[in-house]
Every structure is written in structure tokens, then in C-alpha cells.
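# Structural overview for review
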Amino acid sequence: MPRITITVDGVRYEEDVEPRLLLVHLLRERLGKTGTPIGCDTSNCGACTVMLDGRSVKSCSVLAVQADGCDVVTIEGLGADGSMHPMQRAFHEEHALQCGYCTPGMVMAAIDLLRDDPDPSEETIRHGLEGNLCRCTGYCNIVRAVKRGAQEMGREVRTP
Amino acid sequence: MTELDAGLVGEQIAESGQIAEPDGRGEIGRARRRKEDARLLTGHTRWTDNLQQPGMVHVMFLRSPMAHARITRVDVSAARELPGVLAAYSGQDFADEQGSLPCAWPVSEDIVIPDHPPMAVSEVRYVGEAVACVVASDRYRAADALEAIEVDYEPLPAVMDMHDALIPGSPKVHESGNKAFSATITSGDVEAAFRDAPVVIDRTYIQQRLIPSAMEPRAVLASTDGDSFTLWSSTQIPHVLRVMLAVTTGIPEHRLRVIAPDVGGGFGSKLQVTAEEVLCLLLTRRLGRPVKWSESRTEGNLTVHHGRDQIQHIRLAAEADGRIRGLRVELLADMGAYLMLVTPGVPMLGSSMFNAIYKMDAYEFACTGVFTTKMPTDAYRGAGRPEATYAIERVMDELAAELGIDPLEARRRNWIRHDEFPYTTISGLTYDSGNYEAATERAMALFGYDKLRAEQVDRRDRGDPVQLGIGVSTYTEMCGLAPSRMLGMANYGAGGWEHGSVRMLPTGKVEVVTGTSPHGQGHVTSWSQIAADALGVPFDDITVLHGDTAVAHKGMDTYGSRSLVIGGVAVLQACEKVKDKARKLAAHLLECSPDDLEFEAGAFKVRGTGASRTIQELAFAAFTAHDLPEGVEARLDADATYDPENYSFPHGTHLCAVEVDTETGMIRIRSYVAVDDVGKVVNPLIVEGQVHGGIAQGVAQALFEEAVYDADGNLLTATMADYLLPSAADLPAFTTDRTETPSTGNPLGVKGVGEAGTIASTPAVVNAVVDALRPRGVHDVQMPCTPERVWRAVQGARGGARS
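Residues numbered from 1 in each chain as written. Chains lettered and ligands numbered in written order. Predicted model: local features only at pLDDT ≥ 70, side-chain atom pairs only at ≥ 80, totals over all residues.

Glancing now at the overall build of chain B. Across its full length, chain B carries 21 helices and 28 strands. The C-alpha radius of gyration computed for chain B amounts to 28 Å, which stays within 12% of the reference 28 Å derived for 803 residues, consistent with globular compactness. Dimensions of chain B, computed from C-alpha atoms along their principal axes, come out at roughly 90 × 75 × 50 Å. Looking at chain B as a whole, 59% of its 803 residues are labelled buried. Excluding contacts between residues fewer than 6 apart, the proportion of contacts in chain B whose partners are at least 24 apart in sequence is 80%. (Helix = DSSP H or I, 4+ residues; strand = E, 2+ residues; numbered from the N terminus. Rg over C-alpha atoms; globule rule 2.2 N^0.38 Å. Buried ≥ 20, exposed ≤ 12 C-beta atoms within 10 Å, placed from the backbone. Contact = placed C-beta atoms within 7 Å.)

Okay, the overall build of chain A next. The helix and strand inventory of chain A stands at five helices and five strands. In chain A, the succession of helices and strands from N to C terminus is β-β-α-β-β-β-α-α-α-α. The C-alpha radius of gyration computed for chain A amounts to 16 Å, which stays within 12% of the reference 15 Å derived for 160 residues, consistent with globular compactness. Across its three principal directions, the C-alpha atoms of chain A cover 45 × 35 × 25 Å. For chain A, the residues scored as buried account for 56% of the 160 residues in total. Put simply, of all contacts in chain A between residues at least 6 apart along the chain, 59% involve residues at least 24 apart.

Residue and element names in this part refer to chain B. Ordered in space as 21-20-19-25, the four strands form an open sheet in which the pairing is mixed. The open sheet is flanked by strand 21 (542-545) and strand 25 (638-642), the only strands paired with a single partner. Neighbour-to-neighbour, the strand axes of this sheet turn through a mean angle of 20°, independent of strand direction. Examined bridge by bridge, strand 19 (residues 498-504) and strand 25 share five bridges and lie antiparallel to one another. If you follow V502 over to strand 25, its bridge partner there is A638. (Pairing = 2+ DSSP bridges. Axes fitted to C-alpha atoms, helices over the stretch in contact; angles between N-to-C directions.)

With that out of the way, let us pick up the interface of chain B and chain A. Taken together, the contact pairs 41 residues of chain B with 45 residues of chain A. Mapped onto the side of chain B that touches chain A, the elements with two or more residues apiece are helix 2 (37-41), helix 9 (297-303) and helix 19 (684-703) of chain B. The residue inventory of the side of chain B that touches chain A, partitioned by class, reads 19 nonpolar, 17 polar and five charged. (Nonpolar A, V, L, I, M, F, W, Y, C, P; charged D, E, K, R; others polar.)

What follows deals with helix 17 (residues 563-590) of chain B. The terminal C-alpha atoms of helix 17 of chain B, which comprises 28 residues, lie 38 Å apart, in line with the 40 Å expected from a rise of 1.5 Å per residue. Positive phi appears at B:E591, one or two residues downstream of helix 17 of chain B, with a value of about 55°. (Expected span 1.5 Å × (residues − 1).)

Residues and elements named next belong to chain B. Note on placement: P261 falls in the loop between strand 11 (256-259) and helix 8 (275-287). Each C-alpha atom of the pair P261 and N355 lies 39 Å from the other, and the pair is 94 residues apart in sequence. For P261, the contacting residues outside a window of four places in its chain are R46, W47, T48, L51, W232 and G547.

Residues and elements named next belong to chain B. Looking at chain B as a whole, its pLDDT mean stands at 95, while 96% of the residues score no less than 70. Confidence over residues 1-15 falls short of pLDDT 50; this stretch has 24 contacts with residues more than four positions distant or in other chains. Confidence estimates for the predicted assembly give a pTM of 0.96 and an ipTM of 0.98. (pLDDT = per-residue confidence, 0-100.)

A few words now on unusual backbone geometry. Residue and element names in this part refer to chain B. Geometrically, the link from F421 to P422 is a cis peptide bond, its omega value of -5° lying close to zero. Structurally, the position occupied by P422 is in the loop between helix 12 (407-412) and strand 16 (423-424). With omega at -10°, the peptide bond leading from M783 into P784 counts as cis. You can see P784 is positioned in the loop between helix 20 (756-773) and helix 21 (787-798). At R308, a position not held by glycine, the phi torsion is positive, near 60°. Topologically, R308 is positioned in strand 13 (residues 307-318). Phi at D557 takes a positive value of approximately 75°, unusual for a residue other than glycine.

Bringing the pairing of strand 23 (residues 603-606) of chain B into the picture now. Residues and elements named next belong to chain B. For strand 22 (residues 597-600) and strand 23, the ladder comprises four bridges, and the chain directions are antiparallel. Bridge pairing in strand 23 places F599 opposite F604. Linkage of strand 22 to strand 23, two consecutive antiparallel strands, is achieved through a turn of two residues, within which A601 is found at a positive phi near 50°. In the sheet, strand 23 pairs with strand 24 (residues 612-614) via three bridges, with the strands oriented antiparallel. Each bridged residue has a counterpart across the sheet, and for K605 the counterpart in strand 24 is S612.

All names here are of chain A. Where helix 2 (residues 86-93) meets helix 3 (residues 103-116), the closest approach of the two axes is 10 Å, and the angle between their N-to-C directions is 120°. Relative to helix 3, the element helix 2 is oriented oblique. Handedness of the helix 2/helix 3 crossing: right-handed. Every residue of helix 3 that contacts helix 2 at M87, Q88 and F91 is listed here: T103, V107, A110 and I111. In the contact of helix 2 with helix 3, the residues fall into five nonpolar, two polar and no charged. (Parallel < 35°, antiparallel > 145°, perpendicular 65-115°, else oblique. Left-handed = near helix turned anticlockwise from the far one by under 90°.)

Inspection of the secondary structure assignment puts A:T74 in the loop between strand 5 (71-73) and helix 2. In sequence terms A:T74 and A:R3 are 71 residues apart; their C-alpha atoms lie 21 Å from each other. Contact partners of A:T74, with chain neighbours within four places excluded, come to A:V8, A:D9, A:L27, A:K33, A:G35, A:T36, A:V50 and B:G43.

Moving on to the sheet that holds strand 3 (residues 85-90) of chain B. All names here are of chain B. Spatial strand order, 3-5-1-12-9-10-11: seven strands in an open sheet with mixed pairing. The open sheet has two free edges, formed respectively by strand 3 and strand 11, since each of these has just one partner strand. Strand-to-strand, the axes of this sheet are offset by a mean angle of 20°, without reference to chain direction. Bridge count between strand 1 (residues 57-63) and strand 12 (residues 291-294): two bridges; the pairing is parallel.

Before going further, it helps to spend a moment on the packing of helix 19 of chain B against helix 20 of chain B. All names here are of chain B. Relative orientation of the contacting elements helix 19 and helix 20 amounts to 40°, with a least axis distance of 7 Å. Between helix 19 and helix 20, the interaxial angle falls into the category oblique. Helix-helix and strand crossings are classified by hand; for helix 19 and helix 20 the assignment is right-handed. Here Q690, V691, G693, G694, I695, Q697, G698, V699, Q701, A702 and L703 of helix 19 come into contact with helix 20, specifically with A756, G757, T758, A760, S761, T762, V765 and V766.

For the rest of this paragraph, the subject is the environment of B:F623. All names here are of chain B. Here F623 lies in helix 18 (residues 615-624). Under the C-beta neighbour-count criterion, F623 is labelled partly exposed, with 16 such atoms within 10 Å. Distance in space between the C-alpha atoms of F623 and A634 is 5.9 Å, their sequence separation being 11 residues.

The next subject is the pairing of strand 27 (residues 667-677) of chain B. Looking down a regular strand, the side chains alternate between one sheet face and the other. All names here are of chain B. Counting buried positions along strand 27 yields eight of 11 residues, so the element is predominantly enclosed. Taken together, strand 26 (residues 651-661) and the strand that follows it, strand 27, pair antiparallel across an intervening segment of five residues, in which G665 is found at a positive phi of about 85°. Sheet topology note: the strand 27/strand 28 (residues 735-738) ladder contains four bridges and is parallel. If you follow V675 over to strand 28, its bridge partner there is D737.

Set out below in C-alpha cells:
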């Protein structure tokens, strides 16, 4: 069984894994990182989105062995010093979550899309989140939250 | 009126249709950010699939690839030999103990409720029905072992079409035949209404089958200590489930605890007693190990109950000026292969809603429930009411087109005026309050109705290949399911009350316990707001407990836009009882008569003196119990069970503008305005969110979603890649606003909001699509209005044929 080394939310793990083990199952069932949920089996819903070496991936579509040597950040590791990431706060302020199941993936995808466009238009946000499905909010407040999160993140960069 | 009523409601009761500004003091009406969010946003979640128990094992189910077949052999022996496998069973192995999944709503005298074994024993009747299972140390081992199970089937004919199914001599789903039930409701002289009517509109609409698609797939975890059982399930109905599972499995109710931990959406799909819940309980009883099942999405599309699926024949008779004389509705409702918890009740919930907000002299509703070899249907957001609203709102547009008048004018000539409430409709419901004029006026102003109509004329005159369509939906719905007395009359197997209790803790903090079972609706926040106002206790000093039958011991759970209207009122009434007890204690401690006390900002004050005790101080006094008056027990806690007298009737006007490319069939929603009247609002932020999400699901029925079976009964939309749920890129921003006509049926003046958007939006969108194409001879586009269907409708009309 292959042995991999992986860092998840700042903690380094060495794990023996079956080659077929999905990253999301490694996270949830071996490492106890249940903050990342699973919503589908065809990589359509995006609920399981995490950061892999700084870019968002759907962790149901990555084998654990592919993440060997990588740095993974999940929704649980996003905040710093016990406080929420600005995008998490923006989702709270704009009521951008209801049941909350899509939320971890949605927040990760939102942060990733800001890497390409730190000040996105509504249309850019909507297309940037196309791979993440939400059944509760109708997306209106998610779009508002991403705009707000972008502004907050821009402000934090300017005034560290 | 008590002080509480005066404080909560008196000052804020608005003129009909006008929203009262919050006075800045109360919690009710404030856009509080949710208490639920922090946990959900940081991954500290308790989805059922997150839960672990010592010694836990995993079950997976082998599912039928045939829509209809006799099971001639199941061999699980090879699976049992594989590593990590604890057990493998066929349906035969459960035959003596699994019972039949319940149907709680025998809607008619002639109803046939077939036996519904959780695991098929001798015959399968839809693709996805469980035929065997494997229990293994982990899900990978279980999946491997499923492949080692051998099943032989003898194919039987699939029954896919409702009309065909009812032809005598056609293949049968069940021995008893394909008719599940029939029901007819008549009011007024329908023959007379249609005789010599100057205008008769006769249309048939298809309500396509939908897959509810809550984002969290189902999951179940069952465990036992050999004596008692605990079941965690991703369910909307822990309380109803406990009763039903006790009856189904024979596990005594007092030794069964059901917990709905975090639940990721439901929309009716988790209002069910499922095969997997029963089988996990039986497995944990048999194996003595905690057993978990987690559904894959594909499994879910096949086996979570579906929604809608009706053929609606609707006829409307009117005077030459458009006033409605009568309405006739004939429904065929696809039950699927079995009757599940409320399957037959869903079309019947629409039976008194086709007449909607309109006055008429006669009404007839007839419904036939039909068995087919498909996944059973059951409640999906709105359950019967979206179907009814779609048909009547489509037909009102047809009436307007026939008469050459504006669709809103056709409605104005028929709707109940605001000064006519309370109004008893032709179908026998009494609407307590409403103001359709105010909501419509507000919606038209936000929409820029006249300007868009002018643009529409311009595009038509220019022969623009991209035509503009304007769709109208002036809906109402019956919410707050439901008065127990009325449920009894409808032959439903339970009541519709709700329970709430308030525990005053020694330090003055408050636990509110509710029988509702939220899964995204924000009850923890809203119930805190209600209790904060009622008790005068800070919002942050209140917590809300729910979803565990050992904690919230009584409840009827969450569905049918009932939670606030019934459960919220129960919380309010429990708070009133707490205050009554606290008043006696305060009077004793302050050495005055209870009548000399006034309650303000959480404290009882002696009139004319400065002496006072806060309710939080009184909680401590009750706890120490050092100095209690005669006949007062050592606690302020109280509970209440509230049963409403009537349904509530939210309403609103939704307007949709679409651009339809007549050359490609592409549809773009140009603008969408929703003005809803849900009565008084506890938290406007949560209400707006519910409306947004509801509209999205209704738009999705209009434009995107359809569960498609082939002629052999295979579900072609079994994955999320095939079943088109809209993404952010597929939907526009919605403009929402409210008018506020308080319900007169409850002390909060609330009406419910969970289903409003879904009920209203589907006809608004399709009316807009048809409106765009009407000059081209198009009178209908079947849902979902895909580019292909729109293009074919245009081409068909061009060829001279009616689409």
C-alpha cells in the first residue's frame, strides 16, 4: 500500500492508503476532517472543494495518492487565530447560507476565483461559482457575499 | 389582550398591505444574522455521515437494475466470504421482520395501499429498489462485496405511462391493478356554469417529474445497547419517524430515540419513512453493531422520493367580460410503484387551491392516483400547491389572451378584493386576510411593467428575432399544515399541532425546546427572537434545542411552511406561561398584588415605585426555592402545544420578463420581481433568503429540471451530470419586496414562507415564455422549457400546427 505524506490544515500526516482511496475519504474518514462534505459522485456539486497547494479542487475527484507531498487547506483551516476568514464572515453577514451543506465548498471556490479577479463583477462571480451547486439560497446572497468578501480581502491586503 | 400581545403585536400591526417599520426596541422584525452560521461556516458540523460510533460498520444496498421483475434467485454467499464483510442478506432474510413502509394518508374510501417491503422479496417495481445488502468494515469493502452478489430476475412489463396504465387489460404494477385511488370534490352547479358559457378555456398541462435534490445526500446511523435503540437520520421528521418506526419495526416507542442532527436541506424529500432507516435498525438489532449507511448521489436520484408528475386537464368557463363562472380540474397523478408516507395526499393538497385567489360560482376537482413502475412520488416543496397554482395561473393568461386583455386585468376582474376578507372560497377554505391589489401594485412599480410592455410591442413590431415575454403569477397558498381537526376530516393519520417549551435556567439563561426540526430555515435564530421579545431576555442569552426525541420530546416537525405559524406560536405561548408563573413569584417577593405589577423590558415593576425583579433574577429565585409563595413550584419552566384553527394564506405577485431567441430557442430571464405577503415577519433576512431559494427551485422546474425515464423504466437522469440543477450562472438576481397583511389567525400575525417562491415562480416564468411567442402562434411550451422545446414550438407553430 503506498505511503503518502500530506499536510492538512497545518498538520503533517503520513498515511498508508489504497491507490483508489479518494482524497475526500482520506480527509473525512481517516483524518477526521469532516468539515468537508460530499454532495455527489460526478464532481458536479462542488461541496467537497478544498485548496490543494493553493488552488481549489473537488476532493472527490482527486486520489489521495495524487495529493502526496501536497498542502491541503479545508474549511476548518481557513480562519487564523480563532477568527473567521473574511469570506466566511461575508457569508455570515449576507445570509449566504441556509442548510450550510454547500457552504464549505462555496467559500473555497469563492476565495479561489478572487485569485484570478480580486474585484469581480456579478457575472464573473456567477460564472466563477458554476461548479458549486446550492439548493437553498438561489445564489443571490452568495453573490453578494463574494462581492463583500472581495472588498474585505482587498482592504486587509491594503492595511495589513 | 395580555401585555405580551400588546407588546409584540399591537404596536406593529400595520395597515393592510403596508409594512410597519420595526420600532428599534423589539427583536421581532430585525434582520438578525443567524446563530447557526458560525458552526456551519467553519466545518464544525454534525451531518449524519460525519458521525462515528465505536464498532461502527457500513451497509450498502444492491439495487434493482430492472423496473419490473420477479426475483427468482438471490445468492449472497460469495459476498459473505470477502475480507471485511460481516454479513450479506437478501430480502428473504428480512421477510419475517421488516414489515411494510407506512402510508399515513389514505385519502379516499377506494384507496389501495399495496404492501411495501423495505427490501424487495419476490418482485421489484422500480429501478433502484433494494434487493440485497452487505455489511462491512468500511464502505470500500462493502462496495466490493456488492459485486459478488448474484440476482436472477424474470422480467415483467414496465408500466410507464399513466393513460396506458389505466386501460383495462394493460400490464399491472400490483395484482390489485394500477388505480391507487380516485377522489372527486364538487362545489356549486358546474354544469350550469359551463352551459352556454361565452368563453371556455380547455387546456392540458404536464407537471413533469422532479428530483428534490437536497444538497446533503441521505445518511442513517443506527445503534443499540441491546435494550434501547438510537437512530440518527438526515430527516425532516424525527418525531413522526419515531412513531412510524416503532409501529413498523415493533421496537417499543419508549426504547427508540431518533435524532436529526445537522440536516442539509430537505424540501420535502426528507419527509419520509425510508427503507434504509428501517433496515439499518433491523441490522443493528441483528448484528449488535452500530450500522451506518451513506447514500451516493446516484443512489439518491434513483431512490429519494420524486416530486410533481401530474397530467392536468383544466377547463375554465367565463363570461364575455372575463369573470369566471366555473372551473373543472381532472388530474392524473403518478404515484410511482408504492404509496409512501403522504404520496396520495400530495395531489389532494392541491384540491382546494386550483381556484386560487379567484371568485367563481362552481368548481369540480377530480383526481386519479396511478401506479407506475417508477420511484414513488411524495412531498416536494409546495406539494400539490405548486401544481395547482401552475395550472390556474397558466389558464388565467389564456383567458386574458382569448379576451385580448392584459393578464393582470383578467386577474383583477376575478380576485377577492382586500375589503372582502375573510372570504370563504368555492372550495370551502376561509382566507383570513390578504391584499392582492397592494402586492400587485408594488410588483408592477418595481418591475416597470408599462415600460416593458412598450418594449414588447416594439420588438414585436420590428420582428426582432429576440422577443420579450412578460409572465404574471398572482398566487396564494395554504400554509401552516395544519389544523388537526381539518387533517382528521382529510383522513390524515396524525394531527398538525406543534409543541414548544421554555426552560429558565438558574443563571437566567434560557433554553427554548421546539418540536420543529429545522434543516436550513434558521429556527434557532427566529425562535430566539420570539422568546427574547416575549421574555425581555437578551437574544444572546437564549439557545434553541431541537431534532432529538430525547430532548424535544414532542413534535410534529418541519414541512408545509408550518414551523413559524405553528411552532413559533407554541414557543410564544410557552413564554407567556413562564411569565404568568414569574409574575406570581415576583408579587410574592415584592410583597404586592400580581395586578400591581407591570412587565417591561424583562422585569416586573411595582407600579408607582422603583421596586422590580427581572425575569432572569426570578429564575434564580425559583431555583433556590428559599422563598416561594404557596402553590408555586420551584421552576418557571413551561410548555405549550398549539393547534391552529385555520390554515394561513400567504400570497403575492411575481412578474418575470424573459428574452426568447426565436431562432435558437434560448431563454434569458431579463428581470424577476417578487412581492410576497407572508404576514408579519420575524426576521426579514431569513424571509428574503427563503423567497430567493424558493424562486430558484420554481424557475428550475420551468426551465431546467426533469426526471426522465426511458420506456423500460431506466432513470436517464440518475446523476447530477444528467439532472440539470441550476448553478449561479443559470439564474439572475431576483428583486424581492413585501407587503404585510397580518394573519388574523395567530397572535404573531405570521403566515409562513418556505414554499411561497416555488409555488409562485414556475407559472410566472412559463407564462413569460408563452407570452413572448404567442404572436407566433405558440400557446404552450412543455416544461422544462429547454431551448430545443422552445425551438420546436416556434417551428411547429410556423408550420401551422398548434404547438
